[in-house]
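# Architecture at a glance
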Amino acid sequence: MQLTEADIQVQLDRRRPGQAGAGSISTGRNEADAVQILSGTEKGFTLGTPIGLFVRNKDMRPNDYGDMSQVPRPSHADFTYQMKYGFRASSGGGRSSARETIGRVAAGAIAEKWLKEKYGIEIVSWVSSVGDVVCPESEINLETLSRDQVDQHMVRCPHIPTAEKMTECIKAARADEDSIGGVVSVVMRNVPVGLGEPCFDKLEAMMAHAMMSIPATKGFEIGSGFKGTEMRGSKHNDMFVIDKEGKMVTETNYSGGVQGGISNGMPIVLRLAFKPPATIGKAQPTADFTGQATSLAAKGRHDPCVVPRAIPIVETMAALVLADACLMQEARVASAVKLPEEVSQYFCDASMDGSVSFNGVVKGWPGMDKDLQKKQVEKRKAELEEELKNLSLILEGGGAAAQ
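What you are looking at is a predicted structure, and each value in this text was computed from that prediction instead of being measured.

Conventions adopted
- Residues numbered from 1 in each chain as written.
- Predicted model: local features only at pLDDT ≥ 70, side-chain atom pairs only at ≥ 80, totals over all residues.
- Heavy atoms only, no water.
- Helix = DSSP H or I, 4+ residues; strand = E, 2+ residues; numbered from the N terminus.
- Buried < 20%, exposed > 50% of the residue type's maximum accessible area, 1.4 Å probe, protein only.
- Contact = heavy atoms within 4.5 Å.
- Areas by Shrake-Rupley, 256 points an atom, 1.4 Å probe, with all protein chains shown as cover.
- Pairing = 2+ DSSP bridges.
- Core = buried A, V, L, I, M, F, W, Y, C linked by side-chain atoms within 4.5 Å.
- Expected span 1.5 Å × (residues − 1).
- Salt bridge = Lys/Arg side-chain N within 4 Å of Asp/Glu carboxyl O.
- Phe/Tyr/Trp six-rings, centres within 6.5 Å; stacked < 30°, edge-to-face > 60°.

## Re the overall build of the protein
Helix and strand counts for the protein come out as 11 helices and 15 strands. For the protein, buried positions account for 42% of its 403 residues. When contacts within the protein are restricted to residue pairs at least 6 apart in sequence, long-range pairs at least 24 apart make up 68% of them. For the protein, the computed accessible surface area is about 21400 Å², with 54% contributed by carbon and sulfur atoms.

If you want it as structure tokens, here you go:
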């Protein structure tokens, strides 16, 4: 696959601190986050060997954390890391810092490129709420929403009137030396049918695992989510229809593109709740590690709201999950093709393209041309007709023959 730093940098630029125009609602830290490919490519192409990436930190201020070394920040990982390991990275947070997500975004950008080229998959995330400011769902077209539309405003809500209100909400929290949370939504289009494994590795379970590993996440929904609990089954059920291309689709998408833990070919729609950042400048009564009462007013440069910069993190984590799921399904399809013909013909839609099958005969085997597909269908049809003819002869032969 063709791969250069530029393919990765675009998502790192959307995540990096110090983005132009976002200073009033983001951290004051300024990092270029320029990525360098160390291994795994040559002359702009991947080699199939591990890809090593390197990004330098340049704008560090570890002394900003000096007063917090003995005082665990409320609702932060300081206390739990100290209790678990007996020590921690007090000057920045280490693995509990959102800074670690730069590796996820860099790797996920590569996965995104592969998914787009291989399957045409598109992943677009946006800020759907900040505090009590909510973007109307009617203003978002999931079929056409693009990253360009999302990025036209620094808060990354594609509905500009709502984005302006969100900006004022974040600025107000920052002026009070406080913080605010929000919700990030994401849609994944053109996802193949059949991704996800039964039981423990259902697609939404893998997505939830990935998304809830992002720092500051506190909630996960897919499809109708918690609102679906207010509906009756007759309303919530996604009815199947055949589209103009002959594919099985659903009229609605309350399932969010996943049924039984397996993708059904419809857009996958997720929502993530991000809590207000724990590190704030407002003084709060708390206790130090000795149990003594104290007051903590955090210093440093911290985001008053994380959701605008979380957008590329959510997108790339989704890409990593889909890439894994696609590879697992590709392995299954490749194995099915090697089965004896009398067995393989009963496999339904191993092509992962959602095509409707004729009595279990696949339309669209990987690498199979249309003429061969047609021959397989005609062969199976002839077999069924022969079976029906034999059954008719038995019935016509009388009770003893029928018995």
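## What to know about the sheet that holds strand S6 (residues 133-134)
Across the sheet, which stays open at both edges, the 5 strands sit in the order S6-S5-S7-S13-S8 with antiparallel pairing between neighbours. Both edges of this open sheet fall to S6 and strand S8 (217-222), since each of them pairs with a single strand only. Summarising the sheet, S8 and strand S13 (residues 268-274) pair through 5 bridges and their orientation is antiparallel. The residue bridging Ile222 from the neighbouring strand is Leu270, located in S13.

## Examining the pairing of S13
With 6 of 7 residues buried, S13 lies mostly within the body of the structure. Looking at chain direction, strand S7 (residues 182-189) and S13 are connected through 7 bridges and run antiparallel. By the bridge assignment for S13, Val184 is matched with Leu272.

## What to know about the nonpolar core
Most often, soluble globular proteins have nonpolar side chains that are buried together. Counting 65 residues, the largest nonpolar core has Met188, Met211 and Leu322 as its most contacted members. Top contributing element to this core by residue count: helix H8 (residues 307-337), with 13 residues. Ignoring anything within four residues of it in the chain, the contact list for Met188 reads Glu122, Ile123, Met207, Pro267, Ile268, Leu270, Ala318 and Leu322.

## Description of helix H3 (residues 101-119)
The end-to-end C-alpha separation of H3 is 26 Å, in line with the 27 Å expected for 19 residues at 1.5 Å each. Trailing H3 by a residue or two, Gly120 shows a phi angle of about 80°, which is positive.

## Section: the pattern of salt bridges
Here the structure, examined in full by the defined rule, presents 17 salt bridges. Across the salt bridge formed by Asp151 and Arg14, the nearest N and O atoms sit 2.9 Å from each other. Here Arg14 lies in helix H1 (residues 5-15) and Asp151 lies in the loop between helix H4 (147-150) and helix H5 (160-175), a separation of 137 residues in the sequence. With relative accessibility at 31%, the residue Asp151 sits in the partly exposed group. Since its relative accessible area comes to 6%, Arg14 is described here as buried. For Glu137, the salt bridge goes to Lys227, with nearest N and O atoms at 4.0 Å. Linking Glu137 in the loop between S6 and H4 with Lys227 in the loop between S8 and helix H7 (233-236), this pair joins segments that are 90 residues apart in sequence. Per residue, the accessibility class of Glu137 equals that of Lys227, and both read exposed. Overlapping salt bridges, with partners in common, bring together Arg14, Glu112, Arg147, Asp151, Arg156 and Glu315 in one network.

## Considering the packing of aromatic side chains
Here the distance between the centres and the angle between the planes together describe a pair of aromatic rings. Scanning the model with the defined rule gives 2 aromatic pairs in all. Centroid distance Trp114 to Tyr119: 5.7 Å. Interplanar angle 85°. Geometry classified as edge-to-face. In this structure Trp114 comes out as partly exposed when scored by relative accessible area, which is 24%.

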